[in-house]
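Each chain, letter by letter, is given below.
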Amino acid sequence: MRSSPLPRMSRRGRVTIGVLVGVFVLFTLLGWGVQAWTDWLWFEEVRYTQVFTGVLVTRLLLFLTIGVGLALFVGGNLWLAYRLRPALRPHSLEQATLERYRLLLTPRIGTWISLTAAVLGLFAGLSAQSRWNQWLLFRNGGDFGVKDPEFGVDVGFYVFQLPFWRYLLGVGFTAVVLALLGALAVHYIFGGVRLQGVGDRMTNAARAHLSTLVAVFVLLKAIAYVLDRRAMLLEYNEGAKLYGAGYADVNALLPAKEILAYISVVVAIAIIVFSNAVMRNLVWPGIALALLGVSAVAIGGIYPWAVQTFEVKPSARDKEAPYIERSIGATRAAFGLGDTKTTGYAANNLTPPASLATDTSVVPNVRLLDPQLVSETYTQLQQVRGFYDFGPKLDIDRYSVANKTSDYVVGVREINYGELTQNNWINRHTVFTHGYGLVAAPANQVVCGGQPYFVSGFLGEKAQEACSSQAEQIPATQPRIYYGERMEEDDYAIVGQADKTRNAEFDRPTPTTGGEQYYTYTGEGGVEIGSFTRRLLYSIKEQESNFLLSEAVNDNSRLLYVRNPRDRVEKVAPFLTLDGDPYPAVVGGRIQWIVDGYTTAATYPYAERVNLQTETADELTNRGTFQLARENVNYMRNSVKATVDAYDGTVRLYEFDETDPVLKAWNKAFGGDLVLPKNAIPAELAEHFRYPADMFKVQRNLLTKFHVTDPGDFYSGQDFWQVPNVPDAPDSGQKQPPYYLFTQFPGQVEPRFQITAAVTPNGRQNLAALISGSYIDGQPKLEVWELPDQTRVSGPVQVHQQMTNNANIRQQLNLLSSNQAQVQYGNLLSLPFGDGMLYVEPVYVKSNQQDAYPLLQKVLLSYGDGGSYVALADNLTDGIKQLVDQGKRAGQGTTPPPGGTPPPPPGGTPPPLTGELAAAAERVQTAIVEVKAAQTSGDFERYGRALKALDEAMTAFQQAQQTAGPAPTPSGSPSAPSPTPSG
């Protein structure tokens, strides 16, 4: 008896390997089990267990169906190849070499085949379970009610059916190829296929088996050609630089793929017939496959290329026009641009009108606070303790206070765990569990030398700061923040005390007494972890023994985790793409986080495909907002408004787009009641809905091209727009973010809360249009105010440069900045007013001293073309007055004064100063300017030097005045600056 070709492993070795494999499997299964169990408990807490079970069951079914199916197909073909082995094999060196492998495989051939099939099925199943979303849409998707322009097939087929059909086709190709390669290997090892020896190189049984698999592969290719005909409407059209089938595709490639599908069916039949019934060899089947390859190259490649090169390119504008029109229409429909209202705005008034000074709709609502810059101010003035934080960017919302609706800059006072002095487990997870209060300030008002006027979020019953409201104007009956944007993945909290008379959670400091208050959580949020089993479970999950050992964990304890509102909604609704900027609002006395959810698709025929991460990136990305994933989409709807209660973490999903077929499919997939109907949205909550920023960015970017609806003009691209860069840093390459305003634009009957952006012509910097997004009666409304071609009105980058390069203004800005302070520019607002354009840009000054914060010190204004009428004032009212006065002078035929120069006094022009008196007066004026600049900078040393210089200048002026006789006092007063510098 011939010995085994491989040495046997010792018993100890086999036991060792078995133990290691067992330990690996045990810990793997334990990890999966703990994760699944804790996920179930979390979904049970938020009352969305249908999502957990729906996704889990779908994953398991796909894993088993695809995995087992592929394993059976491949394993069956391997077993069939073994059963079809020849009984006798000719003697040859090749067969002698293969004998050792036959001896190894034959005794346990069933085991080897099962193991191979199981491994392949495992990987196929793991790949299949990740397609749970495609399967759910495939099973639950309906019609869009819109047909594609080429085949007349409902768009629902492309969005819901096509992706999964293409996946199944890919699985089929994979299974056939694996089975073919595996069967060929088995036939070769057991002599069914030979490379040496006399006679046929392949037995009849092996030839029949392998040729059948090849024929099945070719038949799958025929199906692929049929699906490719539909998928052509999703491909990129190089000729038109758009997505969707173009002239050459429709007139050459489309019929070519149909022909190739028929050829593939004929070739598949020929392979089976010629291989097994007629000639019983592989010559003619090989010729048939070669002809299929040649046909694919000639009919599917060369012919369409020839049509594109010799017929389309010479007259592409005319040939591609119908297909460009298809792409324009599909893109506008897929991204909600179809109802965009475009209005011409002449902007031909270049002189500031007198109505600026009396306006009640636009000017009083101009937003001066920049939510990005004043976040530091909020932190310093409302922080109270070093571990409180407002994040790098605040949010804009609107509230009605005293029957007046205004926009407010709002922020939530959260815990920054990285700033805890004693950052141990007890403090981090059981003591400092929550933040406190929503802090708000009117966006168009500053006090106390440039500070926001805080009206809510106070830590006591009344505000102690002299520069704040004395009572809560936006009261929250439950101001505690257990769920917030600053929460990281491992920032869980354990709440609930065994001793109900002793509160262990730090609640807030009390400014009146200097003490601290403590609190015990009374909400329903969190998972109960009072039992030993639950503590052990989460001890394993978090790899933390304190769940079992710490006295802070007791029978009443609850574990709060997944505390970031965006992460919370994403876990509840994994099928949604979430906006990168959640924002808080006080609704019914409770602080609610509002998160916009999008349904997306990537297979809408003829629609433009965009990358969400690229399209939504701008200056604010990752600075208080979340960066979206690199997801390519060509359909997008803001279909869901989600809320997360900041106290108990309750998640609610509200239907916002009642016509979205994708949301209807997802809702049906999870039982039909996952998303609450639109009529269930509380009226007070709906008042805080805003047009979502990321949706607006995508639509704005698409409108830079797709506002052009004429195919010929679109092909030429002469009327395309572009999004300007950040006005105060154009070389950074970062796009100017859109901004929220409560204002009234031309044609609007009253002020409304809207998001706005300016665009410029492609390759130029003058203003091309303003784009606005808002809600009217709960429906999204996009509006465009388009300026004439070759307009003189400057764009944001030009306006900022013209204002800051004005000689007089530049001098004043230089005085504001120094080695001890820096000037920072807020949002540059573009406001259409009086048949012209009003630009407003707040100017902040921030001291370089530690813990300094920006203060609003000046306001830059411009009207008209951006350079003729410019003002730099202490406040908006003074700036508007300067612009109006400049306009009046222009109307009287006099040259407007340089920007920022105040008008002469009403009492008439004083006699000019001469000689030493004029020099002394100029010295006084310079000293006054330096005192104000030093006061603003917060530099006490500089301020002292400036006061001393002013005193000396005034003494010198008085001496010169006595020498020269009576003379007018220089403008300004040494007592104008406050006695102490702010900041």
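Higher on the page you've got the structure.
Residues numbered from 1 in each chain as written. Predicted model: local features only at pLDDT ≥ 70, side-chain atom pairs only at ≥ 80, totals over all residues. Heavy atoms only, no water.

Peer 1: I'd like to hear about the pattern of salt bridges, residue by residue, with values.
Peer 2: A side chain of one charge can pair with a side chain of the opposite charge when the charged atoms of the two come close. Enumeration over the complete set of coordinates arrives at 31 salt bridges. In this structure, Lys-257 engages Asp-228 in a salt bridge whose closest nitrogen and oxygen atoms are separated by 3.9 Å. Of the two residues, Lys-257 is situated in helix H8 (residues 247-278) and Asp-228 in helix H7 (residues 204-231); the sequence distance between them amounts to 29 residues. Residue Asp-507 is joined to Arg-480 by a salt bridge in which the shortest nitrogen-to-oxygen separation is 2.8 Å. Of this pair, Asp-507 sits in strand S14 (residues 505-510) while Arg-480 is found in strand S12 (residues 480-481), placing the two residues 27 residues apart along the sequence. Taken together, the shared-partner salt bridges connect Lys-393, Asp-395, Asp-581 and Arg-690 into one network. (Salt bridge = Lys/Arg side-chain N within 4 Å of Asp/Glu carboxyl O. Helix = DSSP H or I, 4+ residues; strand = E, 2+ residues; numbered from the N terminus.)

Peer 1: Explain the sheet that holds strand S6 (residues 404-412) to me, using residue names and the numbers behind them.
Peer 2: Strands in a sheet are paired, the pairing made by backbone hydrogen bonds, and the direction either parallel or antiparallel. The strand order S5-S6-S9 describes an open sheet built from 3 strands, whose pairing is antiparallel. Both edges of this open sheet fall to strand S5 (395-401) and strand S9 (438-442), since each of them pairs with a single strand only. Recorded for the sheet is a direction-independent mean angle of 45 degrees between the axes of neighbouring strands. (Pairing = 2+ DSSP bridges. Axes fitted to C-alpha atoms, helices over the stretch in contact; angles between N-to-C directions.)

Peer 1: Outline the side chain of Thr-577, supporting the account with residue identities and numerical values.
Peer 2: Structurally, Thr-577 is set in strand S18 (residues 577-578). At a separation of 3.1 Å, a polar atom in the side chain of Thr-577 contacts the side chain of Glu-631. In this structure, Thr-577 is in contact with Asp-596, Gly-597, Tyr-598, Thr-600, Leu-612 and Glu-631, ignoring residues within four places of it in sequence. (Polar contact = N/O pair within 3.5 Å; in protein donor to acceptor, adjacent residues only side chain to side chain. Contact = heavy atoms within 4.5 Å.)

Peer 1: Could you give me a rundown of the sheet that holds strand S17 (residues 558-560), with the residues and numbers involved?
Peer 2: Pairing is antiparallel across the open sheet formed by 3 strands, whose spatial order is S13-S17-S16. This sheet does not close on itself; its edge strands, each paired only once, are strand S13 (493-495) and strand S16 (527-528).

Peer 1: Please set out the environment of Lys-697 residue by residue, giving values where relevant.
Peer 2: With respect to the element layout, Lys-697 can be found in helix H20 (residues 693-706). Residue class for Lys-697 comes out buried when judged on its relative accessible area of 9%. With 79 residues separating them along the chain, Lys-697 and Asp-618 place their C-alpha atoms 9.4 Å apart. Residues contacting Lys-697, with those up to four places away along its chain left out, are Glu-615, Thr-616, Asp-618 and Pro-738. (Buried < 20%, exposed > 50% of the residue type's maximum accessible area, 1.4 Å probe, protein only.)

Peer 1: Residues and numbers for the packing of helix H2 (residues 49-83) against helix H4 (residues 109-129), please.
Peer 2: Direction vectors running N to C along H2 and H4 enclose 150 degrees, while the axes themselves pass 7 Å from each other. Looking at the two axes, H2 sits roughly antiparallel to H4. Where H2 crosses over H4, the handedness of that crossing is right-handed. Listed contacts from H4 to Arg-59, Leu-62, Phe-63, Ile-66, Gly-67, Leu-70, Ala-71, Val-74, Gly-75, Leu-78, Trp-79 and Tyr-82 of H2 are Ile-109, Ile-113, Thr-116, Ala-117, Leu-120, Gly-121, Leu-122, Ala-124, Gly-125, Leu-126, Ala-128 and Gln-129. Partitioning the contact of H2 with H4 into residue classes produces 17 nonpolar, 6 polar and 1 charged. (Parallel < 35°, antiparallel > 145°, perpendicular 65-115°, else oblique. Left-handed = near helix turned anticlockwise from the far one by under 90°. Nonpolar A, V, L, I, M, F, W, Y, C, P; charged D, E, K, R; others polar.)

Peer 1: Would you mind going over the state of the cysteines in detail, with residue names and values included?
Peer 2: Where two cysteines share a covalent bond between their sulfur atoms, that bond is called a disulfide. According to the stated counting rule, one finds 1 disulfide in the structure shown. Residue pairing for Cys-448: its cysteine sulfur links by disulfide to Cys-467, the two sulfurs lying 1.8 Å apart. Residues Cys-448 and Cys-467 share a disulfide whose torsion about the S-S bond is about -105 degrees; that sign makes it left-handed. Taken together, the positions of Cys-448 in the loop between strand S10 (446-447) and strand S11 (451-452) and Cys-467 in the loop between S11 and S12 put the pair 19 residues apart, joining distant regions of the chain. The class for Cys-448 is partly exposed, based on a relative accessible area of 38%. (Disulfide = S-S within 2.5 Å.)

Peer 1: Got a sec to walk through H20? Specific residues and values, please.
Peer 2: Here H20 is 14 residues long and its end C-alpha atoms lie 19 Å apart, about the 20 Å a rise of 1.5 Å per residue gives. The element H20 is extensively covered by neighbouring structure, given that 13 of its 14 residues are classed as buried. (Expected span 1.5 Å × (residues − 1).)

Peer 1: So what's going on with the pairing of strand S24 (residues 651-655)? Which residues, and what values?
Peer 2: Burial runs high along S24: 4 of the 5 residues are buried. Between strand S23 (residues 635-645) and S24, which pair antiparallel and follow one another directly, the connecting turn spans 5 residues, one of which, Gly-649, has a positive phi of 75 degrees.

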